[in-house]
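Structural characterization, general
Below are the chains, spelled out letter by letter.
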Amino acid sequence: MAALILRRLLQLPLILAVVFVVTLTLAWVVPGDPLARTDGVRPDPAVAEAMRREYNLDNPVTFGLTYVRNLLRGDFGPSLQYQDQRVGDIIARNLPVSARLGVAALCLAILIGTAAGVVGALRPGSPWDLTSLAIALIGISLPNFVTGSALLFIFAAWLGWFPVGGWGSPTQVILPAITLSLIPAAYIARLVRLGLADVMSSDFVRTARAKGLTRHRALFDHALKVAYLPVLSYLGPAAASAMTGSFVVEKVFNVPGLGTHFVDGVLNKDQFLILGIVLVYATMLVVFNLMVDLAYAWFDPRIEVG
């Protein structure tokens, strides 16, 4: 296990280097002026020229080398669009918002997906099974901005049960968390249902049933842990995506998380902000995948995580 952790930590700089080069290239080739706002307002030419020289905005190679040198000192650089704000401060201030939303969405996804998958495995072909499959198909097919807009219109604008966007109260978390949880819940439901259908016909479950265990006891005491291994593989990237927040969901519900600032950074071609958020996301993706690998040993001790 220690060897696995060490190997992943050694791989992290290489992964971040590749992500950095790709992101910088994409951010640089996108048309637009990073010093101009989306409303068309441009700084004074003398000020703009001074900022270009200071931040090396005319040379991607020089910019990249300077950025990496500052990053090694823990400095993500200044935001080009948010005056007098550092990217590190923006991330520190808004990452907890995205994390709280992500934790709520991930918990909902695990509860809903696991329950739907278990029901489908216990009663295949039943109305509950067919309903869960239909909901899972809809959840996978519909993009987040469609689901979020529909929930916002029905439950906030029409029925008035929830606030129309914003952040701060528990009721403002519910709709974006549900929207963010539907797609992972649909995948989890399908993985649990297929996994349980396969495991329930395996030899060790048949042996347990022959010794007198009921179908429900065999499922929950023996089969579910094994069937949950594919779900664990999916939860790594899903957790990272949820913790950093869905860019579209945060924008739809006006949640002040990293997703909203990433969208603003792309629209304004704020290279510092784009690179900072993407590097944070990539780091979380590696960390959560490592946690998933370690969790394999708990779910199935036969797996050697090292």
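Residues numbered from 1 in each chain as written. Predicted model: local features only at pLDDT ≥ 70, side-chain atom pairs only at ≥ 80, totals over all residues. Heavy atoms only, no water.

Turning our eyes to something else, we now look at the packing of aromatic side chains. Throughout the structure, instances matching the rule amount to seven aromatic pairs. Judged by centre distance (5.7 Å) and plane angle (45°), the rings of F155 and W161 are tilted. In this structure an aromatic cluster arises from ring pairing among F20, W28, F63, Y67 and F272. (Phe/Tyr/Trp six-rings, centres within 6.5 Å; stacked < 30°, edge-to-face > 60°.)

Attention now moves to the side chain of D270. Tracing the backbone through its elements, the reader meets D270 in the loop between helix 12 (258-267) and helix 13 (271-299). Buried charge without a salt bridge: D270, with R86 as the nearest opposite-charge side chain at an N-O distance of 11 Å. There is a polar contact of 2.7 Å between the side chain of D270 and the side chain of S79. (Helix = DSSP H or I, 4+ residues; strand = E, 2+ residues; numbered from the N terminus. Buried < 20%, exposed > 50% of the residue type's maximum accessible area, 1.4 Å probe, protein only. Lys, Arg positive; Asp, Glu negative; His and termini not counted. Salt bridge = Lys/Arg side-chain N within 4 Å of Asp/Glu carboxyl O. Polar contact = N/O pair within 3.5 Å; in protein donor to acceptor, adjacent residues only side chain to side chain.)

A separate point is the nonpolar core. Residues F63, Y67, I188, V192, L196 and F272 are the most contacted members of the largest nonpolar core, which totals 46 residues. At the level of elements, helix 1 (2-29), helix 3 (60-71), helix 4 (87-122), helix 7 (171-199), helix 9 (215-227), helix 10 (229-244), helix 12 and helix 13 are the ones that each hand at least two residues to this core. Sorting elements by how many residues they give to this core places helix 13 first, with eleven residues. (Core = buried A, V, L, I, M, F, W, Y, C linked by side-chain atoms within 4.5 Å.)

Before going further, it helps to examine the pattern of salt bridges. Going through the model one piece at a time under the given rule, you end up with two salt bridges. D75 is the partner of R86 in a salt bridge, and the nearest nitrogen-oxygen pair spans 2.7 Å. On the criterion of sequence distance, the pair formed by R86 in the loop between helix 3 and helix 4 and D75 in the loop between helix 3 and helix 4 is long-range, its members being eleven residues apart.

Let us look at helix 4. Because an α-helix completes one turn every 3.6 residues, residues spaced three or four positions apart along the sequence face the same direction. Here helix 4 contains 36 residues, and its C-alpha end-to-end distance of 50 Å stays within 8% of the 52 Å for a straight helix at 1.5 Å per residue. Residue N94 marks the point of greatest curvature in helix 4, where the axis turns by about 35°; the proline P96 follows within four residues. (Expected span 1.5 Å × (residues − 1). Bend = angle between axes of the 7 residues up to and from the residue.)

As a further point, take helix 12. Here helix 12 lies mainly inside the structure; seven of its ten residues are buried. Where helix 12 is concerned, the buried positions are L258, G259, T260, H261, F262, D264 and G265. Of the residues one or two after helix 12, K269 is the one with positive phi, at around 50°.

Moving on to the environment of V146. Along the chain, V146 falls in helix 6 (residues 144-158). Overall, V146 belongs to the partly exposed group, its relative accessible area being 33%. Along the primary structure V146 and V252 are separated by 106 residues, whereas in three dimensions their C-alpha atoms are 9.6 Å apart.

Take the environment of D75 next. Its relative accessible area of 26% is what places D75 among the partly exposed residues. Sequence separation between D75 and G88 is 13 residues; the distance between their C-alpha atoms is 6.7 Å. Among the polar contacts made by the side chain of D75, one reaches the main-chain amide nitrogen of G77 at a distance of 2.9 Å.

Quick look at the environment of N254 now. Position of N254 relative to the elements: it lies in the loop between helix 11 (247-252) and helix 12. When its relative accessible area of 55% is taken as the criterion, N254 is described as exposed. Considered as a pair, N254 and G165 are 89 residues apart in the sequence and their alpha carbons are 5.4 Å apart.

The next thing to look at is the side chain of N94. You can see N94 is positioned in helix 4. If near-sequence neighbours (up to four positions away) are discounted, N94 is found in contact with P256, G257, L258 and H261. (Contact = heavy atoms within 4.5 Å.)

With that settled, the discussion passes to the packing of helix 4 against helix 12. The geometry of helix 4 relative to helix 12 is characterised by a closest axis approach of 8 Å and an angle of 130° between their N-to-C directions. For the element pair helix 4 / helix 12, the angle class is oblique. Two secondary-structure elements touch here, helix 4 through I90, I91, N94, L95 and S98 and helix 12 through L258, G259 and H261. Its residues assigned to classes, the contact of helix 4 with helix 12 comprises four nonpolar, four polar and no charged. (Axes fitted to C-alpha atoms, helices over the stretch in contact; angles between N-to-C directions. Parallel < 35°, antiparallel > 145°, perpendicular 65-115°, else oblique. Nonpolar A, V, L, I, M, F, W, Y, C, P; charged D, E, K, R; others polar.)

Geometric descriptors of this kind do not, in isolation, establish any biological role.
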